[in-house]
Amino acid sequence: MADTIILEVERFHPERDTEPSYQSFEVPLRADWMVLDALNFIKDQLDGSLAFRWSCRMGICGSCGMTINGVPKLTCETLLMDFAPGPVRVGPLDHFPVVKDLVVEMDDFMAKLQKVRPWIVRKDDFKPQREFIQTPAQLEAFHQFSLCINCTLCYAACPVSGLDSNFIGPAAIALAHRYNLDSRDQGQEDRLDIISQHEGIWDCTVVGECSTVCPKGVDPSLAIQQYKLTATKEWFKSFLLPRGKN
Amino acid sequence: MSSAKRSNEPIVWFLFGVGGFFAAYFLPIHIMLYGLAFPLGLAPDPGYDKTYALLQNPLTRLYLFVLIMFCFFHAAHRMRLTLSDILNMRHLNTILAFVCYGGAIVGTVAAIWMLAVVH
């Protein structure tokens, strides 16, 4: 087997280019290398101007998400060897504005995330004196949704978020669902107002790609469908018992 | 917060969801029996008279009405989303909704009419 592989990397300089283009680099093909290692090799040895985000190298920080051969993946846990003999195409995540090369603008996602209030909301004057005890079953109810690392691979994979930039999107809804399912939380009503809008859950057409590409095994599609059921029940309830706040 | 506009999508999604249940679990039984098994002789054909007698029971008619109505709305919703997203017709959303759900309503009314006039 060849001991090198070609990496076709998408380049875009906002001040110079009008269109992104691909640049090929020949990098060593090592059995223990991830795609991120190859990108770091390019940056260190071949072209220092290449821009990309990374941090932890172990699938926890969620910053190195890119499109590898058309599929959104974390580059730190994607083996280079899997694409031998190559070439491998690396681009920025789809459906996000590109800042430079492989770096995308996350502001829109951050704003959406904040909108759904992904933290524990209390309506009462709650000042715990000690740990808030949860049973294993109560933890189990939301645990998988709490594993999200905000890598936004699901937004890049979701065709709806490509079609409608207002769609709140898989990760934000999954995280809202995570707090709704938490026995300590009391913010369900507030979140429902945001999430049951058309740009919330109803934009989702159950393509399911979000759950397929999630590197942490979170199932945002399930969260959205469960939320649809809750929102539908609430819709019928508000229809039958018009809004007199209890 | 509560001033945010909630979507009216739940009603069509509810019809779609229930229709999905009927389309997945019940419709295949009818297709298997009346579409394949009886005509191909894989199962003894009950024949016209027995099927007709079954239809005299109001419960059969009620079942067929529910089955047909929900399946129509399931198909309408799926058709609307397919056209709007896959064929990129989002800007025609109102027209698509009118045609798809309108079609389902027409189909449902036709089913009611047929179930009512069969004697």
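Comments concerning the overall build of chain B
Scanning chain B from terminus to terminus reveals five helices and zero strands. Ordered by position in the sequence, the α and β elements of chain B form the string α-α-α-α-α. Over its C-alpha atoms chain B spans a radius of gyration of 18 Å, topping by over 25% the 14 Å that the globule rule assigns to 119 residues. Taking the principal axes of the C-alpha coordinates as reference, chain B spans close to 60 × 30 × 25 Å. Long-range pairs, those at least 24 residues apart, make up 70% of the contacts in chain B between residues at least 6 apart in sequence. Of the accessible surface of chain B, which amounts to about 7700 Å², a share of 76% is contributed by carbon and sulfur atoms.

Some words on the interface of chain A and chain B
Size of an interface: often given as the accessible area lost when the parts come together. Across the boundary between the two partners, chain A contributes 24 residues, which contact 16 residues of chain B. A combined buried area of about 1900 Å² lies between chain A and chain B, and 62% of that area is made up of carbon and sulfur atoms. A per-residue breakdown of the area chain A buries against chain B is headed by Leu163, Trp202 and Trp235 of chain A, which together make up 31% of the total. Joining chain A to chain B, the criterion identifies two salt bridges. For the interface between chain A and chain B, the tally reads zero residue pairs in polar contact (both at pLDDT 80 or more). Tallying contributions element by element places helix 9 (residues 220-240) of chain A first for the side of chain A that touches chain B, with eight residues. Looking at the side of chain A that touches chain B, its residues break down into nine nonpolar, six polar and nine charged.

Topic: the sheet that holds strand 1 (residues 4-11) of chain A
Residue and element names in this part refer to chain A. In spatial order, the strands read 2-1-5-3-4; together these five strands make up an open sheet with mixed pairing. Both outer strands of the open sheet, strand 2 (21-28) and strand 4 (71-74), are each paired with one neighbouring strand and no more. Across this sheet, the average inter-strand angle for adjacent strands is 35 degrees, counted without regard to direction. Relative to strand 5 (residues 88-91), strand 1 runs parallel, the two sharing three bridges. Residue pairing for strand 5: Leu7 is matched across the bridge by Val88. Taken strand by strand, helix 1 (residues 35-46) contacts strand 1, strand 2, strand 3 (65-68) and strand 5, and its axis lies near 95 degrees from that of strand 2.

The rules we used
Residues numbered from 1 in each chain as written. Chains lettered and ligands numbered in written order. Predicted model: local features only at pLDDT ≥ 70, side-chain atom pairs only at ≥ 80, totals over all residues. Heavy atoms only, no water. Helix = DSSP H or I, 4+ residues; strand = E, 2+ residues; numbered from the N terminus. Rg over C-alpha atoms; globule rule 2.2 N^0.38 Å. Contact = heavy atoms within 4.5 Å. Areas by Shrake-Rupley, 256 points an atom, 1.4 Å probe, with all protein chains shown as cover. Buried area = accessible area lost by both parts, 1.4 Å probe. Salt bridge = Lys/Arg side-chain N within 4 Å of Asp/Glu carboxyl O. Polar contact = N/O pair within 3.5 Å; in protein donor to acceptor, adjacent residues only side chain to side chain. Nonpolar A, V, L, I, M, F, W, Y, C, P; charged D, E, K, R; others polar. Pairing = 2+ DSSP bridges. Axes fitted to C-alpha atoms, helices over the stretch in contact; angles between N-to-C directions.

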